[in-house]
Amino acid sequence: MKLLFATKNLNKANEIKDILPKQIQIITLKDIGLEEDIPETSKTIRGNALQKVNFIKNHFKINCFAEDSGLEIDSLNGEPGVDSAIYAGKHRDDNDNINLVLKKLKSKANRKAQFKTIIALKINENIFEFEGVVNGTILLNRRGKNGFGYDSIFEPENCCKTFAEMNIHEKNYYSHRSKAANKMITFLEKTINLSNT
Ligand code: IMP
C-alpha cells in the first residue's frame, strides 16, 4: 500500500519510516510536486493534523496521513503546545524556542512535560485519528546532538537520555510519534488487506 505522509520535516519522515512494515510505502510531498506549505492555522494540535490531511485529500485526491505534534509543559499551562514550532517567533528557530523554554522555566520547580502527536489518516472519505503521548522532564541544559526541535532538553520518564542522545530506534521506543504511528499501523493491518492495496 502506498500512503502519502504530508510533511516536509525529514526527521519526522525518517522516524516514521523506521517503524513502518514493508507493505506500507511512504510517498512524500516532493513526489507529488507540492512545494508550498500546507496551512496550519488551527488552535489545536488535533485541528492542525485534520487541516493538513484534508488539504492534501481535497487538492490531490489521494489517501494520506498527516501528523501534528507539540510539547506541553505543566508549569507553563501547556505551552508551547500547538505553537511549539513558532514559540520564539515565526522564524521557526529550534535554538531560540529552546532558549525561551529554559528562560520561562528558570524559577519553576515543576519541570514535567509531555510530547503529544495526533496522526490523522484519510482513506477515501473516512478520517481516523491516533494519539501518542510521552511524559518526561525538561532538563536545565541541552544534552545530545541528534533529532530536532526540543529533543535536546526532553528526557522521557524511566530513561536517562534525552531524545537528542538517542538514535532513531531508541527514540522510537519511547516517543509520542511512534506511539501514534504504531496505533495507525495496527489499524491498517487489521482493517486493510495490505497485500492487495
Ligand atoms: P509541527 O508538528 O510540524 O507543527 O511542529 C511541531 C513542533 O514541535 C516542531 O517544530 C518541534 O519544535 C516540536 N516537536 C514536535 N515533535 C518533536 C519531537 O519529536 N522532538 C522535538 N521537538 C518536537
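Every chain is numbered independently, its residues counted from 1 as its sequence is written. Thresholds applied to this predicted model are a pLDDT of at least 70 for local features of residues and 80 or more for the giving and counting of side-chain atom pairs; totals over whole chains, interfaces and linings are not thresholded and use all residues. Hydrogens and water molecules were not included; the side-chain quantities draw on all heavy atoms of the structure.

A word on the sheet that holds strand S6 (residues 154-156). Only strands joined by at least two bridges in the DSSP assignment are considered to pair. Under the DSSP-based scheme used, a helix requires at least four consecutive residues in state H or I and a strand at least two consecutive residues in state E, with every element numbered from the N terminus. The strand order across the open sheet formed by 6 strands is S2-S1-S3-S4-S5-S6, and the pairing between neighbours is mixed. Only two strands of the sheet have a single partner each, and these edge strands are strand S2 (25-27) and S6. Averaged over neighbouring strand pairs, the angle between their axes works out to 40° when direction is ignored. As judged from the 12 bridges shared by strand S4 (residues 112-123) and strand S5 (residues 126-138), these two strands associate in the antiparallel manner. Within the sheet, the bridge partner assigned to Ile123 lies in S5 and is Asn126. To get an axis, a line is fitted to the C-alpha atoms, and for a helix only the part in contact is used. The angle between two axes follows their N-to-C directions and goes from 0 to 180 degrees.

All right, on to the pairing of strand S3 (residues 64-73) then. Exposure is judged per residue with a 1.4 Å probe applied to protein chains only, and the accessible area is read against the type maximum: over 50% gives exposed, under 20% gives buried, and values in between give partly exposed. Among the 10 residues of S3, 10 are classified as buried, and the element is accordingly described as predominantly covered. What you see with S3 is no split at all: Cys64, Ala66, Asp68, Gly70 and Glu72 on one side and Phe65, Glu67, Ser69, Leu71 and Ile73 on the other are buried throughout. Taken together, the 2 bridges between strand S1 (residues 2-5) and S3 define a ladder with parallel strand orientation. Each bridged residue has a counterpart across the sheet, and for Leu4 the counterpart in S3 is Cys64. In the sheet, S3 pairs with S4 via 10 bridges, with the strands oriented antiparallel. Considered in S4, the bridge of Ser69 is made with Thr117.

Below, the discussion takes up unusual backbone geometry. In this structure, Pro80 follows Glu79 across a cis peptide bond, with omega equal to -5°. Secondary-structure assignment places Pro80 in the loop between S3 and helix H3 (94-105). Positive phi, close to 55°, is recorded for Arg92, a residue that is not glycine. In this structure, Asn124 is a non-glycine residue whose phi angle is positive, near 55°. Mapped onto the fold, Asn124 is located in the loop between S4 and S5.

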